[in-house]
Amino acid sequence: MTVSKSCEHKDYPDGFENCTRTEAKMIGYLFSPEPSINGTKMDYIYINDLKGMLPGMVVQMMANKMMKKGFIDMGGAMKKFMAGDLVVPDDVKNVELND
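Residues numbered from 1 in each chain as written. Predicted model: local features only at pLDDT ≥ 70, side-chain atom pairs only at ≥ 80, totals over all residues. Heavy atoms only, no water.

### Quick word on the packing of aromatic side chains
Then comes step 1: In this structure the tally under the stated criterion is two aromatic pairs.
Then comes step 2: Consider the rings of Tyr-29 and Tyr-44, whose centres lie 5.3 Å apart with planes at 45°: the pair is tilted. Here the residue Tyr-29 occupies a position in strand β2 (residues 23-34), and Tyr-44 occupies one in strand β3 (residues 39-49), the gap between them amounting to 15 residues.
Then comes step 3: Of the residues examined, Tyr-29 reaches a relative accessible area of 11% and is grouped as buried.
Then comes step 4: In this structure an aromatic cluster arises from ring pairing among Tyr-29, Phe-31 and Tyr-44. (Phe/Tyr/Trp six-rings, centres within 6.5 Å; stacked < 30°, edge-to-face > 60°. Helix = DSSP H or I, 4+ residues; strand = E, 2+ residues; numbered from the N terminus. Buried < 20%, exposed > 50% of the residue type's maximum accessible area, 1.4 Å probe, protein only.)

### Re the pattern of salt bridges
Then comes step 1: Within the structure shown, the criterion is met by four salt bridges.
Then comes step 2: Notably, a salt bridge pairs Lys-25 with Glu-23, separated by 3.4 Å at the nearest N-O pair.
Then comes step 3: What makes Lys-25 partly exposed here is its relative accessible area of 45%.
Then comes step 4: Taking the shortest distance from any N to any O, the salt bridge between Asp-73 and Lys-69 comes out at 2.6 Å. One end of the pair, Asp-73, and the other, Lys-69, are both in helix α1 (residues 56-82), four residues apart, so they sit about a helical turn from each other. (Salt bridge = Lys/Arg side-chain N within 4 Å of Asp/Glu carboxyl O.)

### Focus on α1
Then comes step 1: Taking 1.5 Å per residue as the helical rise, α1 with its 27 residues ought to reach 39 Å, and the 39 Å between its terminal C-alpha atoms agrees with that figure.
Then comes step 2: Regarding α1, the residues found buried are Ala-63, Gly-70 and Met-74.
Then comes step 3: In this fold, the buried residues of α1 make contact with β2 and β3.
Then comes step 4: Immediately downstream of α1, the backbone of Gly-84 shows phi near 80°, a positive value. (Expected span 1.5 Å × (residues − 1). Contact = heavy atoms within 4.5 Å.)

What follows is the structure, encoded as structure tokens:
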């Protein structure tokens, strides 16, 4: 399981460039064995306060784009790790992959 949530950042304060910050209450992935495909099932959990009046269709579209980006980023990190190009010490709790 991986879980994350919003945090404050000095470079992106509330109101930055006249935008309203959303508040991610919880974003995460739950991984579990899936024998029927001899692989792993990934459930995506996304609980967010958008702090505005947005149509549900727009919210769903953005959530889908974020999920797709997360999977692409994870795939890139996994490939680097398997190739030995991404070394993560045991005491590191947070890994950021900036390509």
